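Structural characterization, general
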Amino acid sequence: MNDLNKEVILKTVGLTKHYGGVRALEDANFSISSHEHIAIVGDNGAGKSTFVRSITGVERPTFGKIFFNGKEVNFRSPTDARESGIETVYQNLALADDLDVTSNIFLGREIEYFKLGPLSWLNKSAMKKKSSELLAQTGIKIGNLSQAVASMSGGQRQCVAISRAAGWGSKLIVMDEPTAALGIQETKKVEEIIKNLKERNIPVIIISHNLRQVFDLVDKIAVFRQGRIIDVVKTSEVTGNDVVALITGLDKKNRAVGEYI
Ligand SMILES: Nc1ncnc2c1ncn2[C@@H]1O[C@H](COP(=O)(O)OP(=O)(O)OP(=O)(O)O)[C@@H](O)[C@H]1O
Ligand SMILES: [Mg+2]
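Here we summarise the structure given alongside this text. (Residues numbered from 1 in each chain as written. Chains lettered and ligands numbered in written order. Predicted model: local features only at pLDDT ≥ 70, side-chain atom pairs only at ≥ 80, totals over all residues.)

This brings us to the pairing of strand β11 (residues 220–225). Buried residues dominate β11, accounting for 6 of its 6 residues. Neither face of β11 is exposed, since Lys220, Ala222 and Phe224 on one face and Ile221, Val223 and Arg225 on the opposite face are all buried. Relative to β11, strand β3 (residues 37–42) runs parallel, the two sharing 5 bridges. By the bridge assignment for β11, Ala39 is matched with Ile221. Hairpin connection of β11 to strand β12 (residues 228–234): 2 residues between the antiparallel strands, including Gln226 at a positive phi of 45°. (Buried ≥ 20, exposed ≤ 12 C-beta atoms within 10 Å, placed from the backbone. Helix = DSSP H or I, 4+ residues; strand = E, 2+ residues; numbered from the N terminus. Pairing = 2+ DSSP bridges.)

This is how it looks when you write it as structure tokens:
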């Protein structure tokens, strides 16, 4: 860890994931500081989700090391990563449909009056109060917290998912295409929430296929191609065309491949 600047919240060294003969992720060296928002871009199958799954405990890497918050970690499950402070928001709106907003925000973290073996009595009013606070912090207005999330729009659902992720003192939020299933207005709302996280200094890693969104939201862009991180560029120093060139490999400018900023 001596090489780790204390500003760095997460760092991977040689992170690799093979599925049998498929080299989904190869030698990924990546780092994000505690104030940064970084986008991960790349074509379909470039290894973006594999990388995210590997740092959030969904997959066990084949090789490589992950350092988080100052020490090496080996997450055995997403819960493990979550307990350390990494929250993940997925494209497929991973909320429990039948439960209301409050129950979704508290999933796995319910406040109990008391517990007797498998039986427990939940303190619903305390949970509701805390939910309102968390949603307010993120700037989200949801009238009725007792509403089942199945009846909410994709955008509202994603806002609840992000509030949940942002609301538990998380040290890093990772999002895999959080707006892929959303309409224009809903996407805008989610983007506002991500900007709000920036103001609150909560670091974010976001996979996105939407370059407009990437340029609007993040400080740096990590470009994945065929399982490798081929470049990390500062958003302020590149154009959309530069990024497309890196994604496709048609790199007319001869940028130094593999050079990290
Ligand atoms: N569970 C798995 N078993 C076998 N191969 C897999 C598995 N998951 C991913 N792969 C392969 O690993 C490679 C990287 O996939 P990954 O899902 O990480 O891509 P991606 O960059 O997220 O793509 P997309 O933009 O389409 O979401 C692909 O070739 C994919 O087929
Ligand atoms: Mg993916």
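A separate point is helix α1 (residues 48–55). Across the 8 residues that make up α1, a large majority, 8, are buried. What α1 keeps buried is the set Lys48, Ser49, Thr50, Phe51, Val52, Arg53, Ser54 and Ile55. Count one or two residues on from α1 and you reach Gly57, which has phi positive near 85°.

Now for the environment of Asp216. Residue position: Asp216 is located in helix α7 (residues 211–217). The spacing of Asp216 and Lys195 is 21 residues in sequence and 9.2 Å in space, taken between C-alpha atoms.

Here we come to the site of ligand 1. In the vicinity of ligand 1, the contacting residues are Tyr19, Val22, Ala24, Gly42, Asn44, Gly45, Ala46, Gly47, Lys48, Ser49 and Thr50. Of the residues forming the shell around ligand 1, the biggest block, 3 residues, is contributed by α1. For the shell around ligand 1, the residue count by class is 4 nonpolar, 6 polar and 1 charged. (Near = placed C-beta within 6 Å. Nonpolar A, V, L, I, M, F, W, Y, C, P; charged D, E, K, R; others polar.)

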